[in-house]
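Structural overview for review
These are the residues of each chain, in order.
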Amino acid sequence: MKPLLEVRDVSLSYHTLQGETAALSHISFTLMPGEFLAIVGPSGCGKSTLLNSICALFEIEEGSILMDGSPIGTQSNSSRIGYMLQKDHLLEWRSVYKNVLLGLEIRKEVTPEKKALVDEMLATYGLDKFKNARPSQLSGGMRQRAALIRTLALKPDLLLLDEPFSALDYQTRLNVSDDIGKILKKEHKPAILVTHDISEAISMADRVIILSKRPAAIVRIVPIDLGIKERTPLASRNAPEFKSYFNLIWKELNKNA
Ligand SMILES: Nc1ncnc2c1ncn2[C@@H]1O[C@H](COP(=O)(O)OP(=O)(O)OP(=O)(O)O)[C@@H](O)[C@H]1O
Ligand SMILES: [Mg+2]
């Protein structure tokens, strides 16, 4: 099987009037079709910079990033990546329905088929009764689900998630990450999740990439193999191997703090 995404020896620095800030240092990894990667690393190490580079918001200085073998940012793949940020960016002056259709509207792709897909996701993920509500009438978890549907409506081949649950309280966060983990599995979406939360990374990912402090370099990539049948994020937290993965990643992060 060929990788969906190849990040090869990527380095990047920011250049400002104050000087140069190195953010990424020789990052290399691959993502296979259907795979879920999590990225953990110290605050300010360069995690968002890495996601921004993958969706071609920045030009990298060194190295290359390929999607299905072609450099990212080219016509053939620029619209294949969905990016979900920490803030849901739902627009209060539009209804929930109009919000989830926004991306399609911008791309002029509001076709009957795409609308049917959105309707189906709204029903499946418990938001159909809130189609005409305003975002402020939704709970935090419902808002995140609406933001995810808006992203999935574009049928991206790869999802980038930058701390999408960090604004939620702990209990909601557990439920929403479980929900979203199941949704992504059902839709067979490959994804890269950036998180501060080691447990969240282990519970959701097939592999966890540990980054060093800035400039981010890869310290270690840990494959997560939990001996449970139904690998939902919540069930994963109760797997017997969970704690040893937690301790391993915790130690690696602290070694490099
Ligand atoms: N546009 C920019 N210009 C200059 N420096 C920047 C810019 N964006 C980020 N930086 C710096 O680059 C470093 C990495 O930033 P980045 O946002 O990628 O880190 P992060 O790991 O996502 O942080 P956090 O954990 O807080 O989300 C930080 O030191 C930051 O100050
Ligand atoms: Mg960040």
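Residues numbered from 1 in each chain as written. Chains lettered and ligands numbered in written order. Predicted model: local features only at pLDDT ≥ 70, side-chain atom pairs only at ≥ 80, totals over all residues. Heavy atoms only, no water.

**Observations concerning the pairing of strand E9 (residues 207–211)**
Regular strands have side chains that alternate between both faces of the sheet. Basically, it comes down to this: Residue burial is assigned from relative accessible area. The probe radius is 1.4 Å, only protein chains are included, and a residue is buried under 20% of its type maximum, exposed over 50%, and partly exposed in between. Segments assigned H or I by DSSP are reported as helices when at least four residues long, segments assigned E as strands when at least two residues long, and all are numbered from the N terminus. A pair of strands is labelled paired if DSSP reports no fewer than 2 bridges between them.
The element E9 is extensively covered by neighbouring structure, given that 5 of its 5 residues are classed as buried. Of the pairings in the sheet, the one linking E9 to strand E10 (residues 218–223) comprises 5 bridges and is antiparallel in character. Each residue of the ladder has a partner; that of Arg207, found in E10, is Pro223. Between E9 and E10, which pair antiparallel and follow one another directly, the connecting turn spans 6 residues.

**Concerning the sheet that holds strand E5 (residues 70–71)**
Filter applied, for reference: Contacts are assigned to residue pairs that have any heavy atoms within 4.5 Å of one another. Here an axis means a line fitted to C-alpha atoms, over the contact stretch when the element is a helix, while the angle between two N-to-C directions is reported on a 0 to 180 degree scale.
Judged by pairing direction, the sheet is antiparallel, and its 4 strands sit side by side in the order E2-E1-E4-E5 without closing on themselves. Two strands close off the open sheet at either side, each with one partner strand: strand E2 (19–31) and E5. Pairing of strand E1 (residues 5–16) with E2 involves 9 bridges; the strand directions are antiparallel. Considered in E2, the bridge of Val10 is made with Ile27. Set on the sheet, helix H1 (residues 47–54) makes contact with E1, E2 and strand E4 (62–67); between it and E2 the angle comes to about 65°.

**As for the pattern of salt bridges**
Spelled out, the test is: Basic side-chain nitrogens of Lys or Arg form a salt bridge, by our definition, when they fall within 4 Å of a carboxyl oxygen of Asp or Glu.
Tallied over the entire structure, the rule returns 14 salt bridges. The closest approach of N and O atoms between Glu35 and Arg207, which form a salt bridge, is 2.6 Å. Of the two residues, Glu35 is situated in the loop between E2 and strand E3 (36–40) and Arg207 in strand E9; the sequence distance between them amounts to 172 residues. When sorted by exposure, Glu35 lands in the same class as Arg207, which is buried. In this structure, Arg145 engages Asp179 in a salt bridge whose closest nitrogen and oxygen atoms are separated by 3.3 Å. In this pair, Arg145 sits in helix H5 (residues 140–152) while Asp179 sits in helix H6 (residues 170–186), placing the two residues 34 residues apart along the sequence. Linked by salt bridges that have partners in common, Asp68, Arg80 and Asp157 make up one network.

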